[in-house]
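Residue-level structure breakdown
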Amino acid sequence: MGIRSVVSKPLAKFIVERQQAWMYQPAEAQQRWFQRLMEGGRATVFGRDHHLKDVRTVAEFRQAVPVRDYEELKPYIEQILNGGTDVLWKGKPLYFAKTSGTTSGTKYIPITQDSIPNHINSARDALLNYINETGNGAFLDKKLIFLSGSPELTQKAGINIGRLSGIANHHVPAYLRTNQLPSYETNVIDDWETKLERIIDETLTQPMSLISGIPPWVQMYFDRIQERTGKLIKDVFPDFSVFVYGGVNFEPYRAKLFDSIGKRVDSIETYPASEGFIAFQDSQTEEGLLLLVDSGIFFEFIAADEYFTENPRRLMINEVELGKNYAVIINNNAGLWGYSLGDTVKFVSREPYRLLVTGRIKHFISAFGEHVIGEEVEKALQFAMQQHPETEVVEFTVAPMVSPQAGLPYHEWLVEFATPPHDVLAFARDVDNHLIKLNVYYDDLITGSILQPLKLTSLPRGAFQRYMKSQGKLGGQNKVPRLANDRKIADGLSEIGQMV
């Protein structure tokens, strides 16, 4: 047993014991952070604009600070990029995490000296919770791979700018640097396919024990390894025991990923965002991700069905209900105030507060008033895959077909199969029937002959990868939205499918 695994166990025990103080007193932890954030924000440009010096209660804060998205925060970001200081938080940010917005183009999300522990310590604590529960720390003594964006940073106004995963790469603890892969030289390669081949060159003969990344890009890594070796991943990496992932719902990828591996390995789900590390899986036996209520963020939640109303209610953690979808609003020590993260979550436990990520508040189909959300399409697909166990899905997305050449409108499901179902029409019927059960509005539209049942378009292998490459978003932390209220993605995929 190596020194890392030996030392990790008492450290894991200490971290988990300390965690108990806020896990079971979440409202008190959140109130403490609310007060700290008010103190930290009062002397800023934002604080003066919103009279934070006069704010003493959460109710007063909500009167002073509206919910906003990136576009509404952008003027403050531009002040910082033009050299301003004490704009959103004291001093200047350490970094800007550069990310792609679905409506805002490139976004620059501040990360400050005060907020960086939220990102780094939370990732560490996810692993330590796993070690404390399972006793498995041996993976720390082997090689660890993080499939991430480039760690190369640029500068503007004296602030380092890069992808969140690349920024995090600079904060990997020194004791893990010696067994971290890929190398810096490989990690900075821009072209994902070139980078992937170099990663395989570096890792193929190494004792890989932990692999981390967004599932579709990990699957691509596994596929290329199998093409080279003709072996299952368990035979290439016999020490592989822990898979860490986040960013998308794992369920559509689970069967194919584990088939590629050839054995069961433990998995740890995380919920990191450029705006903050929100939650992580703290248990291998309990459902959901532990909400990090004591990590520099004061959370608010808006019921998803109220989000687009004129004055939606903003709830604190102790006001949420189980089983209901909420939009996540964060206020943090990076200087984000009333910031709509864009994600929806559903709580599955109160003691402690654990949640599931259910989709994006603006990623839905409601071309006819059905308001189908990400959680529903993923559950419908998962149900059909259970009915057709031979089926393996690589990727999928859903879009409305409002004006077909003939017949009623419908939802088009564009699916890339690794292994298609024996009966594609029966598979599509199972998806449609389950979606009808999940969404009463969709049911009404089908039974009322406003919509016809969904149509499934089977795309050739590699279609999603080629589409992402055409958009300059192949690899890293990029992912295709599960559904959209327009046909931009669907039409792009259809064009690529016809070219093959």
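See the structure shown above.
Residues numbered from 1 in each chain as written. Predicted model: local features only at pLDDT ≥ 70, side-chain atom pairs only at ≥ 80, totals over all residues. Heavy atoms only, no water.

Quick notes on the sheet that holds strand β19 (residues 410-419)
- An order of β18-β19-β20 is seen for the three strands of this open sheet, with the pairing classed as mixed. The open sheet terminates on both sides in strands that have one partner only, identified here as β18 (392-401) and β20 (455-459). Strand-to-strand twist across the sheet, computed as the mean angle between neighbouring axes with direction ignored, equals 25°.
- Docked against the sheet, helix α14 (residues 374-387) engages β18 and β19, running at close to 130° with respect to β18. (Pairing = 2+ DSSP bridges. Helix = DSSP H or I, 4+ residues; strand = E, 2+ residues; numbered from the N terminus. Axes fitted to C-alpha atoms, helices over the stretch in contact; angles between N-to-C directions. Contact = heavy atoms within 4.5 Å.)

A short note on a nonpolar patch on the surface
- On the surface, a cluster of nonpolar side chains totalling about 280 Å² of accessible area is made up of Ile3, Val6 and Val7.
- Locating isoleucine 3 in the fold gives a position in helix α1 (residues 3-23). (Patch = residues over 30% accessible without salt bridge, like charges linked within 9 Å, V, L, I, M, F, W, Y side chains within 5 Å. Areas by Shrake-Rupley, 256 points an atom, 1.4 Å probe, with all protein chains shown as cover. Salt bridge = Lys/Arg side-chain N within 4 Å of Asp/Glu carboxyl O.)

Points about the nonpolar core
- Core analysis: the largest hydrophobic core is formed by 79 residues, its most contacted members being Leu291, Phe301, Trp337 and Phe347.
- Phenylalanine 347 has contacts with Leu291, Phe301, Ile317, Val320, Glu321, Leu322, Gly323, Lys324, Tyr326, Tyr353, Arg354 and Leu355, leaving out every residue within four places of it along the chain.
- Counting residues in hydrophobic clusters, the runner-up holds 42 residues, among them Leu147, Ile225, Ile233 and Val236. (Core = buried A, V, L, I, M, F, W, Y, C linked by side-chain atoms within 4.5 Å. Buried < 20%, exposed > 50% of the residue type's maximum accessible area, 1.4 Å probe, protein only.)

Details of the pairing of strand β10 (residues 276-280)
- By the criterion of burial, β10 is predominantly enclosed, with five of the five residues buried.
- Strand direction decides the pairing type here: strand β9 (residues 266-273) and β10, joined by four bridges, are antiparallel. The residue bridging threonine 270 from the neighbouring strand is phenylalanine 280, located in β10.
- Here β9 hands over to β10 after two residues, the two strands then running antiparallel side by side.
- With two bridges connecting them, β10 and strand β11 (residues 289-291) associate as antiparallel partners. Directly across from phenylalanine 280, in β11, lies its bridge partner leucine 290.

Looking at the packing of aromatic side chains
- Scanning the entire structure with this criterion turns up 20 aromatic pairs.
- Consider the rings of phenylalanine 96 and tyrosine 108, whose centres lie 6.3 Å apart with planes at 80°: the pair is edge-to-face. Here phenylalanine 96 is found in strand β1 (residues 95-101), whereas its partner tyrosine 108 is found in strand β2 (residues 105-111), with 12 residues between them in sequence.
- Assessed through its relative accessible area of 22%, tyrosine 108 is described here as partly exposed.
- Here the aromatic rings of phenylalanine 299 and phenylalanine 301 are separated by 6.1 Å at their centres, their planes lie at 15°, and the arrangement is stacked.
- The positively charged end of arginine 36 is found above the aromatic ring belonging to tryptophan 33, 4.4 Å away from the centroid.
- Note that arginine 264 overlies the ring of phenylalanine 258, its terminal NZ or CZ placed 4.2 Å from the centroid. (Phe/Tyr/Trp six-rings, centres within 6.5 Å; stacked < 30°, edge-to-face > 60°. Lys NZ or Arg CZ within 6 Å of the ring centre and 35° of its normal.)

Quick word on the packing of α1 against helix α6 (residues 116-134)
- For the pair α1 and α6, the least separation of the axes is 8 Å and the interaxial angle reads 105°. As summarised for this structure, α1 and α6 are arranged roughly perpendicular, according to the angle between their axes. Contacts between α1 and α6 involve Ser8, Lys9, Leu11, Ala12, Lys13, Ile15, Val16, Arg18 and Gln19 on the former and, on the latter, Arg124, Asp125, Leu128, Asn129, Ile131 and Asn132.
- The class makeup of the residues in the contact of α1 with α6 is six nonpolar, four polar and five charged. (Parallel < 35°, antiparallel > 145°, perpendicular 65-115°, else oblique. Nonpolar A, V, L, I, M, F, W, Y, C, P; charged D, E, K, R; others polar.)

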